[in-house]
Amino acid sequence: MNQELYLESLAQSLVSSKRFKHIQAMTKLALSIAAAHHLNLHQVYLAALFHDCAKSWSKERMIQILNVCDPNYLNNPEYMWHARCGAYYAKKYLMIRDQKILNAIQHHVHGRITDPLTLVIYIADKCDETRAYDASEFIELAYKDLKKAYLAVKKNTHDYISERKAT
């Protein structure tokens, strides 16, 4: 794994310091949950480390990238674009070819794919300690049952978004 010696520095260079703190906390949580389910920790590490690599890109840059790699993705809400752009970046520039890792990056916002790796990344992204709410209930559930935790986190996220739209 010496060829991956600088991955954390690379990930850090792509985002703000606040975002990198989230990535570090989220990666730690993702690895812990994944270990409880005997998942491939290397896949989890890469997906977690780069899940938000395009988060700080400008709208214009994301539109350019999406027009190249997946024009139909522009039909999704703008807050989701960074996930697809991140998967593109990981594949094209980081040479990540593992489709499970790329899927986990691409689907970490909405969690449409139910592969265990993607579920872990989705849950950890929404529940890490940098979030402004207590997610301990979801984390505890994730150690026991990924699918139930995913559904609970997804419902909580949906409810939160619905509340924000109502105000």
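Bear in mind the structure is a predicted one, so any value in this text is a computation, not a measurement.

Estimates place the volume of the largest pocket at around 910 Å³. Taken together, 26 residues make up the lining of the largest pocket; nearest its centre are Tyr79, Lys126, Thr157, Tyr160 and Ile161. Broken down by secondary-structure element, the contributors of at least two residues to the lining of the largest pocket are helix H7 (116-127) and helix H9 (146-166). Considering each element in turn, the lining of the largest pocket owes the most residues, 10 residues, to H9. Its residues assigned to classes, the lining of the largest pocket shows eight nonpolar, seven polar and 11 charged. Within this model, the second largest pocket holds a volume of roughly 220 Å³.

The next thing to look at is the environment of tyrosine 122. Mapped onto the fold, tyrosine 122 is located in helix H7. Among the residues examined, tyrosine 122 registers a relative accessible area of 2% and is labelled buried. Tyrosine 122 sits 82 residues away from asparagine 40 along the chain, and the two C-alpha atoms are 16 Å apart. Filtering out sequence-adjacent residues up to four positions away, tyrosine 122 remains in contact with His107, His108, Val109, His110, Gly111, Tyr150, Val153, Lys154 and Thr157.

With that settled, the discussion passes to the state of the cysteines. Per the stated rule, a full pass over the model turns up zero disulfides. Not engaged in a disulfide, the cysteine cysteine 69 finds its nearest cysteine sulfur in cysteine 85; these two sulfurs lie 6.0 Å apart.

Along the chain, histidine 51 turns up in the loop between helix H3 (41-50) and helix H4 (59-69). A polar contact is formed between the side chain of histidine 51 and the side chain of histidine 22, at a distance of 3.2 Å. Here aspartate 52 takes part through its side chain, which lies 3.3 Å from a polar atom of the side chain of histidine 51. Among all residues touching histidine 51, those that are not within four sequence positions of it are His22, Ile23, Met26, His82, Ile105, His108, Ile121 and Asp125.

Here we come to the nonpolar core. Core analysis: the biggest nonpolar cluster contains 56 residues, and Phe50, Ile121, Ile123 and Cys127 have the highest contact counts within it. Per-element tally for this core: the top contributor is H7, with eight residues. Among all residues touching isoleucine 121, those that are not within four sequence positions of it are Met26, Ala30, Val44, Ala47, Ala48, His51, Ala104 and His108.

Criteria and cut-off values
Residues numbered from 1 in each chain as written. Predicted model: local features only at pLDDT ≥ 70, side-chain atom pairs only at ≥ 80, totals over all residues. Heavy atoms only, no water. 1 Å grid on protein atoms, 1.4 Å probe; cavity = no way out; pocket = protein on both sides within 12 Å on 5 of 7 lines; lining within 4 Å. Points joined across faces, edges and corners; volume = space filled by probe spheres on them. Helix = DSSP H or I, 4+ residues; strand = E, 2+ residues; numbered from the N terminus. Nonpolar A, V, L, I, M, F, W, Y, C, P; charged D, E, K, R; others polar. Buried < 20%, exposed > 50% of the residue type's maximum accessible area, 1.4 Å probe, protein only. Contact = heavy atoms within 4.5 Å. Disulfide = S-S within 2.5 Å. Polar contact = N/O pair within 3.5 Å; in protein donor to acceptor, adjacent residues only side chain to side chain. Core = buried A, V, L, I, M, F, W, Y, C linked by side-chain atoms within 4.5 Å.

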